[in-house]
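# Observations on chain architecture
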Amino acid sequence: MKSTITEINENLLKLRDKINHHNYLYYLKDAPVIPDSEYDRLFNELKELEALYPELITPDSPTQRVGELPSEKFEQVAHKYRLFSLDNANSKEELSDWYNRALKFFPNDKDIELFCELKIDGLAISLSYENGFLTRGATRGDGKTGENITTNLKTIKSIPLKLYSGEVDKIPEFLEVRGEIFMPISSFEKLNEKRRKLGEMEFANPRNAGSGSVRQLDPKITSDRDLDIFIYAGIIEGNHSPATHKDTLEFLRNLGFKINPASKLCRNIDEVAEFCDIWKNKRFELGYATDGVVIKVNDINKQDELGFTSRAPRWAVAYKFPPEEALTTLRAIAINTGRTGAVTPVAILEPVKLAGTTVARASLHNADEIQRLDVRIGDKVWVKKAAEIIPKIIGVDISQRNPDSEQFIYPQTCPSCGAYLERKEGEVITYCPNLTGCMAQLQGWLEYWVSRTAMDIDGVGSSLVAQFVEKGLVKDPADLYGLTIEDILTLDRMAEKSANNIINAIQSSKIRPLAGLINALGIKYVGRETAEILSSNFSSIEDLKLASCEQLSSIEGIGEKSAQSIVSYFQNQKVISMLEKLKNYGVKLEEEKHEILEEQTLTGKTFVLTGTLTSMDRNKATDIIKRLGGKLSGSVSERTSYVVVGENPGSKYEKALKLNVTILSEEDFVKMIY
Ligand code: 5U1
């Protein structure tokens, strides 16, 4: 017998509830009761049924966690309740001072109950639920206005799309919860490993990786990243009002939110200090980054009495853990040659635990830094983790120095090819001048050549590049275009299909835009932005090659150093023959000429773009300016004709005001070009 639409809808509801329940057990309780295969079966059943009856799909359906298309930009949204930040206590003394100030509000109390939670080093967000359904997720922003990132947040499995009603009397009519999105350290390391192999920029720390992932315009990217959340506050509208912060968290836990179990209700400030000391060391076992402890007055009435200053509540404070440093032994100093020939020293350390990860290498910056620290092989050194991924050596424990140790002699020749290193006056970095004969430079250059912002050759990462170089198959980037399937099949564990894909990816990069090619050339002091500027001023590599230093440095955004570097790059015989090879292999060395239908109305005008444009993306704006004969620059000067100002403009806007450069709103700009 055929089911009615009502019956089908009931089945769908039951199926969704069942899946949501198993999600809750898996992601929140960490206690699944069915095998993954059974979960997949239920999920597929739901997907199939919804495909047959798309009109019955609801926004809270588990299938809708990645449902919407990428947006052009995030909408700004006003928070219903302001998200305050926290005052910091950088020492135990400052923590006591905060407590004593709070105690003064309650002269009859000897102590106040305090609730301690870990401060997660992530991205603060707020989630709104109306009658039990997630209606909006937004970043904290400035506390009053944030960005609407609902679609992306919906991809995070530990965020309930629908509140769990099994353990509470009544679902609140309106609920806003606040929490911190984070990426577990193991996922961060895996993501960076992947990006390294693809030649993409690595994230500096789990916080940047988490925040970057959640602020992707395409929710599919967010969904592929392993993100999690801890909820730490809730504003409940309706007749349920917990008496304490602890009760609020318990209520939220029962609604299906993930609350960090690493917390404690303390009777006085001494117990708080003890909690802080325990977690200062234990935090590295957690698998996610925390940078302190948040201490809150537990009693909500007392919180109300204490109130807020202009920026933070008086009833809460963040105790910051001291920066992490460790003492270890310097085993060796490795000298590496990078893709531009820059030679940098790296400290090889006795592995030591630092801020949750094992550190075996640290930055030593340059020869001057080694001399300044007088650091020697075998020394006990202090290593500190700054905001960057690579920790740095900040000092030497001279008291433990071996009396026979010798000063480190910085090499005068390239460790890879033996060429004499060069150091320009006023610079701290030494360079290997052997542009195409140095294997280390070649490896770095090829990795850069294939990367996204250069020739964007998918599937060729550092290990393939290493094999090309080792086997002598590739002696400069142009040789990539001469590789055959047979060449690729000689590499480790290479099957015909993958070899084919690699050849196709290399061949299709022949028509990359000029800016990508200029960037790929790896000219010293010419990065992505400079390459863009050059491509808008020259229509071919040949034209760029013929440009003089004066001509180049007269271009907005091109400095003297870059201009000199470009000229000397194209004088190198090896570069000249590589360009010839690229041409013979059919690599496009000029920008395809657009059919000039439009009048060249912008000839002689130089534009700078700042902020986000809403009616078109930056690439399109750049393209149009160029098509109409205008030029683009990366920086504002007296010679700039117009600064186009989108939403949230940067410092370029201020500079334009200061220099009295004509400012165009997006609307003015659109009128000018159409
Ligand atoms: N764990 C925790 N982090 N955190 C951050 N609790 C907490 N509370 C905060 C913030 C900004 O603010 C309260 C004022 C709700």
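Before going into details, it helps to say that this report is about the structure given with it. In this text, all values refer to a predicted model and were calculated from it rather than measured experimentally.

## Some details on the pattern of salt bridges
- Applying the stated rule across the entire model yields 28 salt bridges.
- In this structure, Glu 147 and Arg 215 form a salt bridge, with 2.7 Å as the shortest nitrogen-oxygen distance. Linking Glu 147 in strand β6 (residues 145-147) with Arg 215 in the loop between α6 (206-214) and α7 (219-224), this pair joins segments that are 68 residues apart in sequence.
- Judged by its relative accessible area of 36%, Arg 215 falls in the partly exposed class.
- Within this structure, Asp 374, Arg 376, Asp 379 and Arg 401 form a network of salt bridges that share partners.

## Some details on the site of the ligand
- Around the ligand, the neighbouring residues are Phe 84, Leu 86, Glu 117, Leu 118, Tyr 232, Ala 233, Val 294, Lys 296, Pro 313 and Trp 315.
- Glu 117 places a side-chain nitrogen or oxygen 2.8 Å from a nitrogen atom of the ligand.
- Measuring from a nitrogen atom of the ligand, one finds a backbone N or O atom of Leu 118 at 3.1 Å.
- Partitioning the shell around the ligand into residue classes produces 8 nonpolar, no polar and 2 charged.

## Examining the environment of Leu 252
- Residue placement: Leu 252 occurs in helix α8 (residues 245-254).
- You can call Leu 252 buried: its relative accessible area is 0%.
- When the C-alpha atoms of Leu 252 and Ser 651 are compared, they prove to be 42 Å apart, with 399 residues separating the residues in sequence.
- If near-sequence neighbours (up to four positions away) are discounted, Leu 252 is found in contact with Leu 175, Val 177, Ile 231, Ala 233, Gly 234, Phe 257 and Ile 259.

## So, helix α24 (residues 666-673)
- Taken residue by residue, α24 has Glu 666, Phe 669 and Ile 673 as its buried positions. Around the axis of α24, the buried residues are gathered within 60° of arc, so they sit on the same side. Seen from the buried face of α24, the exposed residues on the opposite side, beyond 90 degrees, are Glu 667 and Lys 671.
- N-cap assignment for α24: the residue whose side-chain oxygen lies 3.1 Å from the backbone N of Asp 668 is Ser 665.

## Examining the pairing of strand β11 (residues 316-320)
- Counted residue by residue, β11 has 4 buried out of 5 residues, so it is predominantly covered.
- As defined by bridge partners, strand β2 (residues 88-89) adjoins β11 across 2 bridges and the pair is classed as parallel. Bridged to Ala 89 within β11 is Tyr 319.
- Here 5 bridges tie strand β10 (residues 290-297) to β11, and the two strands are oriented antiparallel to one another. Each residue of the ladder has a partner; that of Val 294, found in β11, is Ala 318.

## Here's the deal with the packing of aromatic side chains
- Under the defined criterion, the tally for this structure stands at 15 aromatic pairs.
- A centroid spacing of 6.4 Å and a plane angle of 80° characterise the contact between Trp 445 and Trp 449, whose relative ring orientation is edge-to-face. Of the two residues, Trp 445 and Trp 449 are both situated in helix α12 (residues 439-449); the distance of 4 residues between them amounts to about one turn of the helix.
- Judged by its relative accessible area of 3%, Trp 445 falls in the buried class.
- Each ring, one from Phe 607 and one from Phe 669, has its centre 6.1 Å from the other, and the planes form 65°; the classification is edge-to-face. Placement of the pair is Phe 607 in strand β18 (residues 606-610) and Phe 669 in helix α24, with a sequence separation of 62 residues. Of the two residues, Phe 607 and Phe 669, both sit in the buried class.
- Over the face of the ring belonging to Phe 106 we find Lys 302, whose NZ or CZ atom lies 5.3 Å from the ring centre.
- Between Arg 339 and the ring centre of Tyr 448, over which it is positioned, the NZ or CZ distance is 3.5 Å.

## Topic: unusual backbone geometry
- Backbone geometry places Asn 131, a non-glycine residue, at a positive phi of 45°.
- Structurally, Asn 131 can be placed in the loop between β4 (123-130) and β5 (133-139).
- On the basis of relative accessible area, Asn 131 is assigned to the exposed category, the value being 55%.
- In this structure, Asn 660 takes a positive phi of about 65° despite not being glycine.

## Digging into the sheet that holds strand β19 (residues 631-632)
- In space, the 4 strands of this open sheet follow the order β19-β18-β20-β21, with parallel pairing throughout. One side of each edge strand has no neighbouring strand; the edge strands of this open sheet are β19 and β21 (662-665).
- Strands in contact with α24 are β18, β20 (642-645) and β21; relative to β21, the strand with the most contacts, it is inclined by about 90°.

## Describing the side chain of Glu 50
- Mapped onto the fold, Glu 50 is located in helix α2 (residues 36-52).
- Of the polar contacts made by the side chain of Glu 50, one reaches the side chain of Ser 61; its length is 2.7 Å.
- Once residues within four sequence positions are removed from consideration, Glu 50 is found in contact with Leu 12, Arg 16, Ile 57, Ser 61, Thr 63 and Gln 64.

Rules and cut-offs
Residues numbered from 1 in each chain as written. Predicted model: local features only at pLDDT ≥ 70, side-chain atom pairs only at ≥ 80, totals over all residues. Heavy atoms only, no water. Salt bridge = Lys/Arg side-chain N within 4 Å of Asp/Glu carboxyl O. Helix = DSSP H or I, 4+ residues; strand = E, 2+ residues; numbered from the N terminus. Buried < 20%, exposed > 50% of the residue type's maximum accessible area, 1.4 Å probe, protein only. Near = heavy atom within 4 Å. Polar contact = N/O pair within 3.5 Å; in protein donor to acceptor, adjacent residues only side chain to side chain. Nonpolar A, V, L, I, M, F, W, Y, C, P; charged D, E, K, R; others polar. Contact = heavy atoms within 4.5 Å. Arc of directions from axis to C-beta. Pairing = 2+ DSSP bridges. Phe/Tyr/Trp six-rings, centres within 6.5 Å; stacked < 30°, edge-to-face > 60°. Lys NZ or Arg CZ within 6 Å of the ring centre and 35° of its normal. Axes fitted to C-alpha atoms, helices over the stretch in contact; angles between N-to-C directions.

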